[in-house]
Amino acid sequence: MDEVEFMRGRVYGADHEDAGPRYGRVYAELVAGPLDGLLLDVTHWSAHDRAEGVALRTEIGRYGPGGRALYTPRQAGRPMYDWCGDIP
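Residues numbered from 1 in each chain as written. Predicted model: local features only at pLDDT ≥ 70, side-chain atom pairs only at ≥ 80, totals over all residues. Heavy atoms only, no water.

## Brief notes about the overall build of the protein
For clarity, the threshold we go by: Secondary structure follows DSSP: runs of H or I at least 4 residues long count as helices, runs of E at least 2 residues long count as strands, and numbering of each begins at the N terminus. Residue burial is assigned from relative accessible area. The probe radius is 1.4 Å, only protein chains are included, and a residue is buried under 20% of its type maximum, exposed over 50%, and partly exposed in between. Whether two residues are in contact is decided by their heavy atoms, any of which lying within 4.5 Å being enough.
Along the backbone of the protein there are two helices and five strands. Within the span of the protein, comprising 88 residues, buried residues form 34% of the whole. Sequence-distant contacts in the protein: of pairs separated by 6 or more residues, those separated by 24 or more amount to 39%.

Structure below.
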């Protein structure tokens, strides 16, 4: 199994031993970029927060450890956030 397949369907920021989605939670899928295929838990986010972009820490982006990947929400369809670049 390669790294991409290993990460798919796992929740961003969750413990490696229990990284699957949990019942009763709301998730958005991260699309493209270094976090492609991960799920982002947006359960307690307000509608305003869900409409904003998010910068997520990642060690596998362009800037390595300490870098962040930027994701913005899609306007239609199921909850998905599209990658729009990396920042230090």
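## Focus: the pairing of strand 5 (residues 80-87)
This is how it is decided: Here, any two strands with at least 2 DSSP bridges between them count as paired.
In terms of strand pairing, strand 1 (residues 27-31) meets strand 5 through three bridges, oriented parallel. Its bridge partner being in strand 5, V31 is matched across the sheet by D82. Across six bridges, the pairing between strand 4 (residues 67-73) and strand 5 is antiparallel. Of the residues in strand 5, the one forming a bridge with Y71 is W83.

## Let's talk about the environment of E29
Residue position: E29 is located in strand 1. According to the relative accessible area criterion, E29 is buried, its value standing at 17%.

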